[in-house]
Amino acid sequence: FVQPPVLTLSNKASVPRFISPGVYELDYTLTVTNTGKVPAPNVRVLENLDCVFEMDKADGPIASWSLVGAPRSGSGKLATAKTFTGRAACNRDAYESSDPFRVPSETALNLTNGSGTLEPGQSETLRLTVQITQKPWAIGGRITLDNKAWAAAFQHNSVDLASAQILAAAAD
């Protein structure tokens, strides 16, 4: 029996910064840690911001969103992916699932490029800033959003993120 790595993920959003009426910036900080006893190879951190901002829902409170600059890696243990946009069709069933192995497979959702390994006890912190514009009816009201991301270690660093290749996964 080969022991798998164990990943944990912390996903936090800042207090929104007011830019103008209905326009705010949010800073996201995602920290992935290998709490296991073996290395976690080919680690990817994924986030579907279209799901976070409910772009799939006609009655969602956000009119639009955009990245403010590129995502940043704290230590460089996990390199950021140049292809990250955070935009993909929202699979609500997988997004709302409590199973962390239901990792999205779209390349545009990869915050990291999958080339990095976290040794036991190592962590990496990723940061990104997003600007949101509220729909007119939502301006001035309180908005609560469910921000979910995933971290997964894979057997191989491949474009095909088939679930059979996942060694460990966490969601927050």
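About the cut-offs
Residues numbered from 1 in each chain as written. Predicted model: local features only at pLDDT ≥ 70, side-chain atom pairs only at ≥ 80, totals over all residues. Heavy atoms only, no water. Disulfide = S-S within 2.5 Å. Helix = DSSP H or I, 4+ residues; strand = E, 2+ residues; numbered from the N terminus. Buried < 20%, exposed > 50% of the residue type's maximum accessible area, 1.4 Å probe, protein only. Pairing = 2+ DSSP bridges. Axes fitted to C-alpha atoms, helices over the stretch in contact; angles between N-to-C directions. Salt bridge = Lys/Arg side-chain N within 4 Å of Asp/Glu carboxyl O. Polar contact = N/O pair within 3.5 Å; in protein donor to acceptor, adjacent residues only side chain to side chain.

1. Side note on the state of the cysteines
Tallied over the full model, the rule gives one disulfide. Covalently, Cys 51 is tied to Cys 90 through a disulfide, its sulfur atoms 2.0 Å apart. Taking the torsion about the S-S bond as the criterion, the Cys 51 to Cys 90 disulfide, at about 115°, is right-handed. Here Cys 51 is found in helix α1 (residues 49–52), whereas its partner Cys 90 is found in the loop between β6 (72–73) and α2 (92–95), with 39 residues between them in sequence. Under the relative-accessibility criterion, Cys 51 is labelled buried at 3%.

2. A word on the sheet that holds strand β9 (residues 166–171)
What the three strands build is an open sheet, ordered β4-β8-β9; its pairing is antiparallel. Edge strands, defined here as strands with exactly one partner in the open sheet, are β4 (43–47) and β9. Going from strand to strand, the sheet's axes swing by 20° on average, the running direction of each strand aside. Two strands pair when backbone bridges link them, and β4 and strand β8 (residues 149–154) are joined in this way by five bridges, in the antiparallel orientation. By the bridge assignment, Leu 46 is partnered in β8 with Trp 150.

3. Section: the pairing of β8
When you tally the buried positions in β8, you get six out of six residues, the bulk of the element. Of the two faces of β8, the one carrying Ala 149, Ala 151 and Ala 153 and the one carrying Trp 150, Ala 152 and Phe 154 are both buried. Bridge count between β8 and β9: five bridges; the pairing is antiparallel. Considered in β9, the bridge of Ala 152 is made with Ala 169.

4. Quick notes on the pattern of salt bridges
Summed over the entire model, instances satisfying the criterion amount to seven salt bridges. Between Arg 92 and Glu 96 there is a salt bridge, and its shortest N-O distance comes to 3.9 Å. Using a relative accessible area of 54% as the deciding quantity, one classes Glu 96 as exposed.

5. Some remarks on the side chain of Arg 44
By secondary structure assignment, the location of Arg 44 is in strand β4. Since its relative accessible area comes to 9%, Arg 44 is described here as buried. Within the structure, the side chain of Arg 44 is placed 3.2 Å from the side chain of Asn 110, a separation counted as a polar contact.

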